[in-house]
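Residues per chain are reported as follows:
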Amino acid sequence: MTNKKDFKNWLKAFNLEHPLVIAGPCSAETEEQVLTIAHQLKDTDTSVMRAGIWKPRTKPGNFEGVGQIGLNWLKRAKEETGLKIATEVANKTHVELALEADVDILWIGARSTVSPFIVQDIADALQGTDKIVLVKNPVNPDLPLWLGAVERLHKADINNLGVIHRGFSTYEKTRYRNNPEWQIAIDLQTEFPDLPLILDPSHIAGKRDIIFDVCQTALDLNYDGLMVETHHTPDKAWSDAAQQITPKALEQMTIDLRIRKEHGEAAEFKNKLNTLRTKIDVVDHQIITHLGKRMKIVDDIGRLKKKNNVAILQSKRWNEILERMIQEGRDNGLSEDFVVSFFKEIHQESIAHQHKLLADNEA
Ligand code: PEP
Ligand code: MN
């Protein structure tokens, strides 16, 4: 896949001053629900209505989607409101039915992107379509796997392509339902600057109150659009209730979000500066998180030393760490002075931690 190809043509056809907004319920539930939400979305910045018809659920027995009949409801929503419509497809039958119903945007879900067999089947069924196809990131943080899925579609002569960033699974609990791992999306943007990148804040956040912040970070990183799960009565939704917002809340959010649409040289400079600053924020967050993790290991070592009556300060080990870090620092363009003073600070804090641990235990 060439990184020079301009995949943004389909996006330009929307002729928008702001990022593309795709909104709608996690799942189509009833015809009345789909139409109510569609009419409420008509009064917002939304261009495309989403709704899951076939739902991939972690556990069997949960609501698995209304199936084919939901396509009729989406079609009716499109006729009544003029909104374009989007749904998830996960196999050949889904693709055939969605094409028959003239669904405008088809997306591949995170659980399908992980499987080259599934993606290939979908690509074969879509061969040569001029529909827009969006690929969600795989559940695991693997950029080549994500790009591989895009490439399979491109090889099947599908040119209206884009990707959706919906965050990544972690075993460790974080504040997110799916960890954003912004660095992966930044790397993808660097490699394929012309591949439309859309944020799904709902599946990243997992709960309403952090959706706004996730969207703002994405807009500061110049994402091309948002896909937000939206329901007229979110708490009563049959799936993903905690993360859905009302069309009214969506409207307010798009007003409150800083969307950069100024033009001119000064605005261009400000945009670039803001994007670079957001990238710094992402890296700083990683540094602090990793320092915190390092300190937890230091505490474990402190407890082990105490149990075995071993002295806290062990200069041989410390000198080895420093030597290695000076070398790695050099490889990464960092001066020896900087690396030494940085690690001295870390070392001092580690010793302080272990002393405190001893004192606490003795108290
Ligand atoms: C969805 O968009 O409702 C969905 C199931 O998403 P994901 O594939 O990101 O889990
Ligand atoms: Mn959902």
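Residues numbered from 1 in each chain as written. Chains lettered and ligands numbered in written order. Predicted model: local features only at pLDDT ≥ 70, side-chain atom pairs only at ≥ 80, totals over all residues. Heavy atoms only, no water.

**Here's the deal with helix H2 (residues 31-41)**
Thought 1: Every buried residue of H2 is accounted for by Gln 33, Val 34, Leu 35, Ile 37, Ala 38 and Leu 41.
Thought 2: On its buried face, H2 is in contact with strand E1 (20-24), strand E2 (48-50), helix H3 (69-81) and helix H11 (247-256). (Buried < 20%, exposed > 50% of the residue type's maximum accessible area, 1.4 Å probe, protein only. Helix = DSSP H or I, 4+ residues; strand = E, 2+ residues; numbered from the N terminus. Contact = heavy atoms within 4.5 Å.)

**As for the site of ligand 1**
Thought 1: Close contacts around ligand 1 come from Cys 26, Arg 50, Lys 55, Glu 88, Trp 107, Gly 109, Ala 110, Arg 111, Lys 136, Arg 166, His 203 and Glu 229, and that covers them all.
Thought 2: Arg 111 is positioned such that a nitrogen or oxygen atom in its side chain is 2.9 Å from an oxygen atom of ligand 1.
Thought 3: Between an oxygen atom of ligand 1 and a side-chain N or O atom of His 203, the distance comes to 3.4 Å.
Thought 4: Summarising the interface, the protein chains cover 97% of the accessible area of ligand 1, which totals 300 Å² for the free molecule.
Thought 5: In terms of residue class, the shell around ligand 1 is built from 3 nonpolar, 2 polar and 7 charged. (Near = heavy atom within 4 Å. Polar contact = N/O pair within 3.5 Å; in protein donor to acceptor, adjacent residues only side chain to side chain. Areas by Shrake-Rupley, 256 points an atom, 1.4 Å probe, with all protein chains shown as cover. Nonpolar A, V, L, I, M, F, W, Y, C, P; charged D, E, K, R; others polar.)

**Some thoughts on the coordination of the manganese ion (ligand 2)**
Thought 1: Bound to the manganese ion (ligand 2) are the protein donor atoms Cys 26 (SG), His 203 (NE2), Glu 229 (OE) and Asp 240 (OD), situated 2.1 to 2.4 Å from the metal.
Thought 2: In the primary structure, the donors to the manganese ion (ligand 2) are separated according to the pattern C-x176-H-x25-E-x10-D. Taken together, the positions of His 203 in helix H9 (residues 201-205) and Glu 229 in strand E8 (residues 225-229) put the pair 26 residues apart, joining distant regions of the chain. Accessibility classification places His 203 together with Glu 229 in one group, the buried group. (Donors = N, O, S within 2.8 Å, 3.2 Å for Na, K, Ca; no water.)

**Description of the packing of helix H6 (residues 116-126) against helix H7 (residues 143-155)**
Thought 1: Viewed as axis vectors pointing N to C, H6 and H7 meet at an angle of 25°, and their least axial separation amounts to 8 Å. Viewed along their axes, H6 and H7 adopt a mutual orientation that is roughly parallel. In the packing of H6 onto H7, the handedness of the crossing is right-handed. Along the contact surface, H6 presents Pro 116, Val 119, Gln 120, Ala 123 and Leu 126, while H7 presents Ala 149, Arg 152 and Leu 153.
Thought 2: Among the residues making up the contact of H6 with H7, the classes are represented as 6 nonpolar, 1 polar and 1 charged. (Axes fitted to C-alpha atoms, helices over the stretch in contact; angles between N-to-C directions. Parallel < 35°, antiparallel > 145°, perpendicular 65-115°, else oblique. Left-handed = near helix turned anticlockwise from the far one by under 90°.)

**Re the nonpolar core**
Thought 1: Membership of the largest hydrophobic core comes to 71 residues, with the highest contact counts inside it found for Met 49, Leu 153 and Leu 199.
Thought 2: With 6 residues, the top contributor of residues to this core is H7.
Thought 3: Leu 11, Phe 14, Val 48 and Ile 132 belong to the second-largest nonpolar core, a separate cluster that totals 14 residues. (Core = buried A, V, L, I, M, F, W, Y, C linked by side-chain atoms within 4.5 Å.)

**Considering the sheet that holds E1**
Thought 1: Strand order in the closed barrel made by the 8 strands is E1-E2-E3-E4-E5-E6-E7-E8, with parallel pairing throughout. Looking at each pair of strands side by side, their axes are set apart by 25° on average, direction ignored.
Thought 2: In this sheet, strand E7 (residues 197-199) lies alongside strand E6 (residues 161-165) in parallel orientation, the contact comprising 3 bridges. Note that in E7 the partner of His 165 across the bridge is Leu 199.
Thought 3: Set on the sheet, H3 makes contact with E2 and strand E3 (84-88); between it and E3 the angle comes to about 160°. (Pairing = 2+ DSSP bridges.)

**With respect to the environment of Asp 209**
Thought 1: With respect to the secondary-structure elements, Asp 209 resides in the loop between H9 and helix H10 (211-220).
Thought 2: For the pair formed by Asp 209 and Ile 245, sequence separation is 36 residues and the distance between their alpha carbons is 9.6 Å.

**A closer look at the pattern of salt bridges**
Thought 1: The final tally for this structure, using the stated rule, is 16 salt bridges.
Thought 2: The closest approach of N and O atoms between Asp 102 and Lys 131, which form a salt bridge, is 2.4 Å. On the criterion of sequence distance, the pair formed by Asp 102 in the loop between helix H4 (92-100) and strand E4 (105-108) and Lys 131 in the loop between H6 and strand E5 (132-136) is long-range, its members being 29 residues apart.
Thought 3: We note a salt bridge from Glu 336 to Arg 330, for which the minimum N-O separation is 3.4 Å.
Thought 4: For Arg 330, a relative accessible area of 47% puts it in the partly exposed group.
Thought 5: Each of Glu 31, Arg 76 and Glu 80 takes part in a single network of salt bridges with overlapping partners. (Salt bridge = Lys/Arg side-chain N within 4 Å of Asp/Glu carboxyl O.)

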